[in-house]
Structure formats: structure tokens, C-alpha cells
Amino acid sequence: MIHEQCNRSNYNVQTTMSYLVNVDIGGTHTDGVVIDEQGDIIDGKVASTPDDFSEGFFNSLEVIADKIGTDVEGLLNDAELVSHGTTVGTNAVLEGDDVDTKLVTTKGAESVLSMMRGAPGRTSGLSVEEYLHMQEVTKPDRLVSKEDTYGLNERIDCMGDVVVEFNEEQAREIAAEIAESDVDSVAISCLWSFLNPEHEERMEEILEEEVDGDVFLTRSSDLTPTWGEYERTAATAINALIGPSTSDYIEKIDDRLEELGYDGTLLVMQVGGGVAPAEDAINEPVRTIDSGPAAGMTGCSYLADTLEHENIIAGDMGGTSFDVGLITDGEPITKATNVVRQYDYSIRNIDIESIGNGGGSIAWVEENTDRLRVGPESAGADPGPACYGQGGEKFTVTDAAVLCGFIDPEYFLGGRESLDIDSAKAAAEDLMDATGMDLMDVARGVIEISNAQMADLISQRTINKGHDPRNFTVYAYGGAGPLYLPSIAHRLSVDEVVIPTGDSSSVWSAVGISSSDVLHRNEKSNMRTFAPFDPEELTEQFAAIEDDIRSDLKSEGFDEEDTRLERYANLSYGLQVHEVTVPVPSGELTEDDMDELIGRFEQKYEQLYGEGAGASQTGFELVTVRVDGYGETTKPNLRAETAEAQADGGNVETEEIFWPAEDRYLDTTVYYQDDIGPGMTFEGPAVMRLNNTTVAVPKSDSGEIDQYNNIIIRS
């Protein structure tokens, strides 16, 4: 059941409320999930509504409310918490929303965004295929044009000292010129402002006096006070670019929730792995970019604690993309920067990499080579794969799965929809003509290419990073993950695949949001702090950050017992740029703690880069200190089924299904939703056609369904 009932006044939580409500919006589908006080998961998967994403948000709640036997207003009246993961910020920056953004920076640094990090700016965020075609790769369009960038006479040096005084008169002229334009947002990012923010703060004050109150302002020393002028400026510019649309969108959701009777705080998923009150998300929307995959990872971490799995490969395959993240030693791997539109920007995030490889990924034939290719272009939700019968004419991975027989055209989404197999066949004709293949060769080729691309991404995330995939368990989720990842596990010699909570795996990112705590993450960059480190000085730095976080969490209604603080430090070898994050103990630090800190750094460095890769002779530099502060929210309790609820897998059928990896039809056991339940065991080849997803169990595999409805497949 739902436990640890909250009494935090700012969240207006009452013990009479009985639902955790979560909505995650993806490019193809919007997934709503409600978890009741018995731990039951009620889902509502609907098509996303790109013209107005809030419409899809409430459409999913309508589906859930109908299943419960109430309306949306009744559902929200009984909601304990409402949480949301959104792609609005991601789409805004990828699609280049028509936002008039200005950038104010230090005179002489106006070209930071266009210079990027030199050559790497051409390749950041690109796939291996794109990287290999370097002649076709260019730098991206500027986030803020040269004409919209203003150089301000001021200068802070690398020690945080003022070397050029802030030019008040010029700042006023810049602000007046900006005010005369039809501006939507302004980004302020000056050199070394993370060491001394006074010039940025003064520029912000002047802009507030000159421009309209609805102009979105953001400054780097508040958003991301860290080392790296390019990454910091990029983060600030992106925050300004997506601020107007994202803030309007979140406010629209928040206002509508209030109209419908929800009197708590809307929580918004962050890419760092926690949630934040809507007000914080409105001010810092850059932290919502890629928050959907982060929610899935948080859910995996929560489930892994229950199943006592320490090393997880989390694979999320939806309609448009395949996302991979790793959990090692029970903790998701994070990184200091993220990438969007080839721009690296300094927002710490759960380390997830994506490729354009989903169920809706379009198959095509490469010009000149006549090679069959898959993705990254997707059919999306509209028109969708050809078999959807909505006018799509291009052959996709889902069309191939229908032709192979994995998906029953008459039982798509639990029978709620039917598919048009003739349209799938028609869409394959151009590929057959171009390659000379027959129909099933095309279907096999599309699935095998798609699987190979996903296996390659997992290999990059594991083997190429010094991890042995054989020491991991694969968690397969998203609408398409359970269908393809069991076969991919064979390619990687992974012995175990878990489909989290069975059918709810298709909405796992939405489930993951409910397992997330409110997160405040504060960092402070140190410049030229070399070992031996001063434990007293370091203690003071951490204490100052912790005081700020405690204050923020207290203002949001969290008591001390509901607050958890975690310390981290980024270290590097002297004269190197590769930083490694290591945990730091709480309380008053000692000389012994400093020695142990360096020891942990060297150990982890060799784990990442190989034995003997260390360079202790160059010394050790402390680059950044960080505190993650969590306000603990109500969590769902995974429901354990009793023996009375177990299914025995009886009354099942067999079908001839074409298995691409085998290149032949196999007599396959087919289960439907009502055929399965906790305690059941099964042998491959088998297909489970559930209400929201399809699970494919390869020929040599077997498995069981545990008490939490997790489908566990072992080879």
C-alpha cells in the first residue's frame, strides 16, 4: 500500500487521498499511470498531441478515470501527488521554436557558442553512422544569433576578482535596446561568474527595470554555477530559448489541475533523477530535457532495490527512440553535461544515450549502395506505422513485427485497436523492389538491423566503458522494449532479462516518476585546488551548500527527517580534463577523509580507463563539490500477489511465428493477458500479447513471473 503518508502543508497531502497520479509524455504516446493504495497500477496510454501536449496529458487521465469508474475531477480530488515528465522542452530546442532570445555576455566572449569546443562541436551527440560520414556533418545553427548577442564591458578573473568594473552606462544602453525589440527571453552569461556573480546579478536587475515583466530572464550563475564558459553559456541560452513555451505549458497544466480540484503541488520530473515543484521547473526548464528517460531509470533503481540487482542495463524502446542507461553498484551513472542539437551544456543528468530506433522507425534503402537501413526517422504517432491504417505509407519496425506474427492485428493494445496487415505489406513493396528481397526477407532484415543497432548502443555503453555486459541484468521496458530486448540480450551474452511489472512496463517511465524524490542539486566549482586538500575548508564549502538546500526543502514543507543530503566531489589528475565523481562522507571532514577521497578517485579512474591508466605523479585537482538534497515523497509499494491470484498458463495456444534471428517459422506458445500471473513458468519460444505490450521469449530461453508481476526471462 502507499506508505509514509505526507503531512507537508505545502503539498496539501491528506490521509484521505488514495492515488499517486503520474503522466509521462513521449513523442508518440502519452502514458498516464495511477497507483492506488493497494499498489495496483492503472494505466492510460493515448496518442501524444504535439499541437497542444496538455491535451494528451488530460486525455490519459480520462482513460484512467474511466477504468476506475469516476471522472477526471473525481480522480484528482483523490490524488495525493500529481507528477509529470515532459518532452516539451526537448521538442522546443530540437525544433527551434520561434522565440526571440538575446544573450548578454562579457565583451570579447560573444563567439563562445559558435566556437563551441572546436572540432568536437561538429560531432557531439551524433551516432556512429553520422560520425563516419564526417564530410556531411556541420556545426549546428547558433542557439542565439550574432546580431542578438551583446558584449558587456566587465571582467571577473579566474580567482573571482574584478579586473574590469561593471559598465553601468553601457548596461543601461543594452537593456534599453533589448526592451525596444520584441524579445521573449534574455540569457546572461559572463566569464567566471560562477566564482563571483555580482556583475550578472546587476545586469539582471537592470533588465528587470527596463523590459516587460513577461520577458523570461535567466543567468548562468544562478542556473549552473560551474566551470566551462561554453557549456555554461549553452545551458543558459537553452534555458532562455525554451523558457517561454515550457513555462506557459507547465502553467497551463497546473492551472487546469487546480480547476479540476487538485489542491496539491504539481511535481515535474528532472533529468537529474528527481522531481521539482512546478515553480522550479518553470524557472529552469532546461532541467526537464530528456526527463522521461530519467524517470524510467529512477523506476529501475527503485525496482532493483526490491529485486536486489546491483548492475542494470536499462533499455527503453518506444515509438521513436531507444534509450540506454546503466546502474552500477545500485546507483545510476550520471554525467556533468548533456547534449542537444550537438550543443554540450552543463546540466548534471542521469547518463542516458539515445538513438532514433523505435517501433515507428522507418526502413529505407541507402542510395548508391542499395543497403537496407532503419531509422532514425520515425513515423511518430501521426500517421504512425503503415499498419495503423492512418495513411502511413512507409514500412517500419512495427510493420515488420506484424508480418512476422509477433503482434496479432486483431489484438493490438489488448484488442482496443486492430491493425491493417495489408497496408504493412503494401508499404514493403518499395523496399522489395529496391533490394530484390521477398516480403519476409524485408521483415527479417528490418528487425535484425534494428536489433543490431540497439545491441551496438548497449555495447558502447558497457564494453567501451570498461563494463562487462555479462555481469548485468537487462530491464526491458517502453512499448516495444519487451518484444525486442530478450533477443538482443543473446547478442550480448546477458543471462537475464526483466520486464518490470509485466504489462505496466510499457508505461514504466510514468511509474518511475512516482518513485522519485524532490531533488535540489547545488554545485560549486573550485579553481586550481590541488592536493593536499584542506579538510576544514572543504567542510565549510559543503556546509554552505547544505544550508542552502535545507532552506529550500524546508520552504517546500519538508521536515528534517524527510530530508536526505549526499555529498560528491569531482576530481582529476593534474593537467588533465577528465573528471571523475566520487562520494564524500558527511559531517566534519578529516585528513584521513582526504586520503580516502583520493584513493576512491584513483580506484574509480582505473575502473573507467583501465588498470595503470592513472597519473598520480601529476598530482590531484579538486574541480567541483556538489550536494544532492532530497525531499522524500510518498512512494508506491509494489504489490505482491498471493498464490490465489496466480495463473497457471493454461488454455494457451500455439502459432507459427517467424523468428528473424532463427530465419524460420517456429511453433510458438502464445499467451494473452488473462493467461498469465505470478508463479507461472514458461518455456520459449513464446509470445505474450499483453494489453499494452508484447513480450517475445526466444527459443532457448525460459522464465517465470514473480510475485510483483515482473516477467523474468533467463537464457
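For the structure, see preceding data.
This text gives an overview of the structure that appears in the document. Keep in mind it's a predicted model, so treat the numbers as computed, not measured. (Residues numbered from 1 in each chain as written. Predicted model: local features only at pLDDT ≥ 70, side-chain atom pairs only at ≥ 80, totals over all residues. Heavy atoms only, no water.)

Some points on the overall build of the chain
Where we set the bar: Only DSSP runs of H or I with at least four residues qualify as helices, and only runs of E with at least two residues qualify as strands; both kinds are numbered from the N terminus onward. Atoms considered for the radius of gyration are the C-alpha atoms alone. The globule rule reads 2.2 Å times the number of residues to the power 0.38. By the convention used here, residues are in contact when the closest approach between their heavy atoms is within 4.5 Å. Residue-level accessible areas treat just the shown protein chains as cover; the underlying method is Shrake-Rupley with a 1.4 Å probe. None of His or the chain ends enter the tally, which takes Lys and Arg as positive and Asp and Glu as negative. To locate a charge, take NZ of a lysine, CZ of an arginine, CG of an aspartate or CD of a glutamate.
Of the regular secondary structure elements, the chain holds 18 helices and 35 strands. Over its C-alpha trace the chain gives a radius of gyration of 26 Å, about what one expects of a compact globule, namely 27 Å for 715 residues. On the principal axes, the C-alpha backbone points of the chain span a range of 80 × 65 × 55 Å. Contacts in the chain between residues at least 24 apart in sequence constitute 69% of all its contacts with a sequence separation of at least 6. Carbon together with sulfur atoms contributes 42% to the accessible area of the chain, which is approximately 29100 Å² in total. Each charge sign in the chain was given a centre, from 47 positive and 139 negative side chains, and these centres are 5 Å apart.

Some thoughts on the packing of helix H12 (residues 397-404) against helix H14 (residues 439-461)
What counts is decided by this rule: Note on definitions: angles span 0 to 180 degrees between N-to-C directions of axes, and those axes are lines fitted to C-alpha atoms, for helices only across the stretch in contact. When an angle is under 35 degrees it counts as roughly parallel; over 145 it counts as roughly antiparallel; between 65 and 115 it counts as roughly perpendicular; any other value is oblique. It is the rotation of the near helix from the far one that decides the hand of a crossing: anticlockwise by less than a right angle makes it left-handed, clockwise makes it right-handed. Under this grouping Gly is polar, as are all residues other than the nonpolar Ala, Val, Leu, Ile, Met, Phe, Trp, Tyr, Cys and Pro and the charged Asp, Glu, Lys and Arg.
Contact geometry of H12 with H14 gives a least axis separation of 9 Å together with a crossing angle of 125°. By the angle between their directions, the pair H12 and H14 is classed as oblique. Where H12 crosses over H14, the two elements pack in a sense that is left-handed. Within the contact between the two elements, H12 uses Val-397, Ala-400, Ala-401, Leu-403 and Cys-404 and H14 uses Leu-439, Met-440, Ala-443, Val-446, Ile-447 and Ser-450. Split into classes, the residues belonging to the contact of H12 with H14 amount to 10 nonpolar, one polar and no charged.

Observations concerning a negative patch on the surface
The cut-off we apply is this: Patches draw on residues past 30% relative accessible area with no salt bridge. Two like charges within 9 Å are joined, as are two nonpolar side chains (Val, Leu, Ile, Met, Phe, Trp, Tyr) within 5 Å. Any Lys or Arg side-chain nitrogen located within 4 Å of an Asp or Glu carboxyl oxygen qualifies as a salt bridge. To sort residues, take the accessible area from a 1.4 Å probe on protein chains only and compare it with the maximum for the residue type: under 20% means buried, over 50% means exposed, and anything in between is partly exposed.
Residues Asp-534, Glu-536, Glu-537, Glu-540, Glu-588, Glu-591, Asp-592 and Asp-595 make up a contiguous surface patch of negative charge. Among the elements of the structure, helix H17 (535-555) and helix H18 (591-609) are those that each provide at least two residues to the negative patch. Considering the arrangement of structural elements, one finds Glu-536 in helix H17. When its relative accessible area of 51% is taken as the criterion, Glu-536 is described as exposed.

A look at the sheet that holds strand S6 (residues 149-152)
Which entries qualify depends on this criterion: For two strands to count as paired, DSSP must find a minimum of two bridges between them.
Spatially, S6-S5-S9-S10 is the arrangement adopted by the four strands of the open sheet, whose pairing is parallel. Unpaired on one side and paired on the other, S6 and strand S10 (216-219) mark the two borders of the sheet. Within the sheet, the average angular offset between the axes of one strand and its neighbour, ignoring direction, is 15°. Pairing analysis gives four bridges linking strand S5 (residues 101-106) to S6, with the strands arranged parallel.

Focus: H17
Heads up, the condition is: Take the residue count of a helix, subtract one, and multiply by 1.5 Å to get its expected span. The arc in question is the one traced by the directions running from the helix axis out to the C-beta atoms. Whenever two N or O atoms come within 3.5 Å, that pair is a polar contact, provided that in protein one can donate a hydrogen and the other can accept it, and provided that, for residues adjacent in sequence, both atoms are side-chain atoms.
Taking 1.5 Å of rise per residue, the 21 residues of H17 would be expected to cover 30 Å, and the 30 Å separating its terminal C-alpha atoms lies within 8% of that figure. Restricting attention to buried positions, one finds in H17 the residues Pro-535, Leu-538, Thr-539, Gln-541, Phe-542, Ile-545, Glu-546, Ile-549 and Leu-553. Projection of H17 onto a plane perpendicular to its axis shows the buried side chains occupying an angular sector of 160°, all on one side. Turned more than 90 degrees away from the buried face of H17, the exposed residues are Glu-536, Glu-540, Lys-554 and Ser-555. Against the buried residues of H17 lie strand S25 (518-525), strand S26 (563-573), strand S27 (580-584), H18 and strand S28 (620-631). Between the side-chain oxygen of the N-cap and the backbone nitrogen of Glu-536 there are 3.0 Å, and the N-cap of H17 in question is Asp-534. Phi for Gly-557, located one or two positions after H17, is positive at around 100°.

Quick word on the nonpolar core
Threshold: Here the nonpolar core consists of buried residues drawn from Ala, Val, Leu, Ile, Met, Phe, Trp, Tyr and Cys, with membership extended through side-chain atoms lying within 4.5 Å.
Ranked by size, the top nonpolar core spans 82 residues in total, and within it Phe-57, Leu-61, Val-82, Leu-257 and Tyr-475 carry the most contacts. Setting aside its immediate chain neighbours within four residues, Tyr-475 contacts Cys-300, Leu-303, Ala-304, Leu-307, His-309, Ile-312, Ile-313, Ala-314, Gly-315, Val-498 and Pro-500. If you look at the next biggest cluster of nonpolar residues, it comprises 70 residues, including Val-402, Leu-431, Val-474 and Phe-682.

A closer look at the packing of aromatic side chains
Here is the rule we go by: In this analysis, rings of Phe, Tyr and Trp, with Trp reduced to its six-membered ring, are considered paired at centre separations within 6.5 Å, and the interplanar angle assigns stacked below 30 degrees, edge-to-face beyond 60, and tilted for intermediate values. Remark: a charge is flagged as sitting over a ring if the NZ atom of Lys or the CZ atom of Arg is within 6 Å of the ring centre and within 35 degrees of the ring normal.
Here the structure, examined in full by the defined rule, presents 12 aromatic pairs. Arranged with centres 5.7 Å apart and planes meeting at 45°, the rings of Trp-192 and Phe-194 form a pair that is tilted. Considered together, Trp-192 and Phe-194 belong to a single accessibility category, that of buried residues. With a centroid separation of 4.7 Å and an interplanar angle of 50°, the aromatic rings of Tyr-605 and Tyr-609 are classed as tilted. Residue Tyr-605 and its partner Tyr-609 are both found in helix H18; the two are separated by four residues, about one turn of the helix. Among the residues examined, Tyr-609 registers a relative accessible area of 41% and is labelled partly exposed. Counting every residue linked through ring pairs, the aromatic cluster contains Tyr-573, Phe-601, Tyr-605, Tyr-609 and Phe-620. One Lys or Arg, Arg-256, reaches over the ring of Phe-58 and ends 5.9 Å from the middle of that ring. For Arg-564, the ring lying beneath its charged end belongs to Tyr-630, and the centroid distance is 4.2 Å.

Some details on the pairing of strand S29 (residues 653-659)
Pairing geometry for S29 and strand S30 (residues 664-672), over seven bridges, is antiparallel. Bridging from a neighbouring strand, Ile-657 pairs with Leu-666 of S30. Here S29 folds back onto S30 in antiparallel fashion, the turn holding four residues, of which Asp-663 has a positive phi close to 60°.

Remarks on the side chain of Ser-221
Along the chain, the position of Ser-221 falls in helix H8 (residues 220-223). Among the polar contacts made by the side chain of Ser-221, one reaches the side chain of Arg-219 at a distance of 2.8 Å. Apart from residues no more than four positions distant in its own chain, Ser-221 is found in contact with Ser-193, Pro-197 and Glu-200.

Considering unusual backbone geometry
For the bond from Ala-531 to Pro-532, the omega torsion is 5°, close enough to zero to count as cis. Examined against the element boundaries, Pro-532 turns out to sit in the loop between S25 and H17. Cis geometry marks the peptide bond from Gly-684 to Pro-685, where omega comes out at 0°. Along the chain, the position of Pro-685 falls in the loop between strand S31 (681-683) and strand S32 (686-689). Backbone geometry places Glu-308, a non-glycine residue, at a positive phi of 60°.

Digging into the packing of helix H1 (residues 53-68) against helix H9 (residues 229-259)
Across the interface, H1 lies against H9 with an axial gap of 10 Å and an inter-helix angle of 35°. Where H1 crosses over H9, the handedness of that crossing is right-handed. Residues Phe-53, Ser-54, Phe-57 and Phe-58 of H1 form the contact with H9, whose participating residues are Tyr-249, Lys-252, Ile-253, Arg-256 and Leu-257. The residue inventory of the contact of H1 with H9, partitioned by class, reads six nonpolar, one polar and two charged.

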